[in-house]
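One-letter residues, chain by chain:
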Amino acid sequence: MPRPTDTRFRATTAFQRHIANPLTRLLPFQTLLETTGRSSGLPRRTPLGGRRVGGAFWLVSEFGEHSQYVRNIKADPRVRVRIGGKWHAGTAHLMPDDDPVARLRTLPRGNSAAVRLLGTNLLTVRVDLDA
């Protein structure tokens, strides 16, 4: 029998992959993270929530190193982030020593609430944006 976290992970990722992400990617001001697929080498765009603070963009992955975009970052940390309809290149850094729950308190409330509710293995990610 699957553990509750396994069921939550599978249900959430299936919903996001097939319903939520394709729809929200179409919204012109939705924040997107673009990584390079670790196997395909193709651009992969993931809608997410986060906040720009100075020259960095902060976000929290709800499934940590199990998230596909985190796995892509581990293979190639060069990313792009679309913030307010404008693309910014940068380098992503996984921050396992950062407190993701505290970090969520500093990020947009709606997305942070969903990440806390659905997440099973939170991980902070910082993207240092190119000048």
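First, a word on what this report is: a plain description of the structure on this page. (Residues numbered from 1 in each chain as written. Predicted model: local features only at pLDDT ≥ 70, side-chain atom pairs only at ≥ 80, totals over all residues. Heavy atoms only, no water.)

### With respect to the side chain of histidine 88
Definition in use: Numbered from the N terminus, helices here are DSSP runs of H or I no shorter than four residues, and strands are runs of E no shorter than two. Relative accessible area decides the class of each residue, using a 1.4 Å probe on protein chains only: under 20% of the type maximum gives buried, over 50% gives exposed, and in between gives partly exposed.
Positionally, histidine 88 belongs in strand β6 (residues 86-95). For histidine 88, a relative accessible area of 17% translates into the label buried.

### Description of the packing of aromatic side chains
Filter applied, for reference: Only Phe, Tyr and Trp rings take part, Trp by its six-membered ring, and two of them pair if their centres are within 6.5 Å. Stacked means planes under 30 degrees apart, edge-to-face means over 60, and tilted covers everything else. Note on criteria: charge over ring means Lys NZ or Arg CZ within 6 Å of the ring centre, with the direction from the centre no more than 35 degrees off the ring normal.
Applying the stated criterion across every chain, the model contains zero aromatic pairs. Over the ring of tryptophan 87 we find arginine 80, and its NZ or CZ is 4.2 Å from the ring centre. Between the NZ or CZ atom of arginine 103 and the centre of the ring of tryptophan 58, over which it lies, the distance is 3.7 Å.

### Regarding the nonpolar core
As a reminder of what qualifies: Take the buried residues of types Ala, Val, Leu, Ile, Met, Phe, Trp, Tyr and Cys, join any two whose side-chain atoms come within 4.5 Å, and each joined set is a nonpolar core. In what follows, residue pairs with any heavy atoms lying within 4.5 Å of each other are defined as contacts.
Core analysis: the largest hydrophobic core is formed by 15 residues, its most contacted members being Leu33, Phe57, Tyr69, Ile73, Val81 and Val127. Taken together, the elements giving at least two residues each to this core come down to β4 (56-61), α2 (68-75), β5 (78-83) and β7 (123-129). At four residues, the largest contribution of residues to this core is made by β7. Not counting residues within four places of it along the chain, the set of residues in contact with tyrosine 69 comprises Leu33, Thr35, Thr46, Leu48, Leu59, Val60 and Ser61.

### A look at the sheet that holds β4
For clarity, the cut-off: Only when DSSP finds a minimum of two bridges between them are two strands counted as paired. Note on definitions: angles span 0 to 180 degrees between N-to-C directions of axes, and those axes are lines fitted to C-alpha atoms, for helices only across the stretch in contact.
Spatial strand order, β2-β1-β5-β6-β7-β4-β3: seven strands in an open sheet with antiparallel pairing. The open sheet has two edge strands with one neighbour each: β2 (43-47) and β3 (51-53). Here the strands of the sheet are splayed against their neighbours by 35° on average, with no regard to which way each runs. Looking at chain direction, β3 and β4 are connected through three bridges and run antiparallel.

### Some points on the pattern of salt bridges
Using the following cut-off: Counted as salt bridges are all cases of a side-chain nitrogen of Lys or Arg within 4 Å of a carboxyl oxygen of Asp or Glu.
Here the structure, examined in full by the defined rule, presents six salt bridges. The shortest N-O distance in the salt bridge between glutamate 34 and arginine 80 comes to 2.8 Å. Of this pair, glutamate 34 sits in strand β1 (residues 32-36) while arginine 80 sits in strand β5, and the two are 46 residues apart along the sequence. Owing to a relative accessible area of 12%, glutamate 34 belongs among the buried residues under this scheme. Taking the shortest distance from any N to any O, the salt bridge between arginine 78 and aspartate 130 comes out at 2.8 Å. Here arginine 78 is found in strand β5, whereas its partner aspartate 130 is found in the segment after β7, with 52 residues between them in sequence. Its relative accessible area of 39% is what places arginine 78 among the partly exposed residues. Each of Glu34, Arg45 and Arg80 takes part in a single network of salt bridges with overlapping partners.

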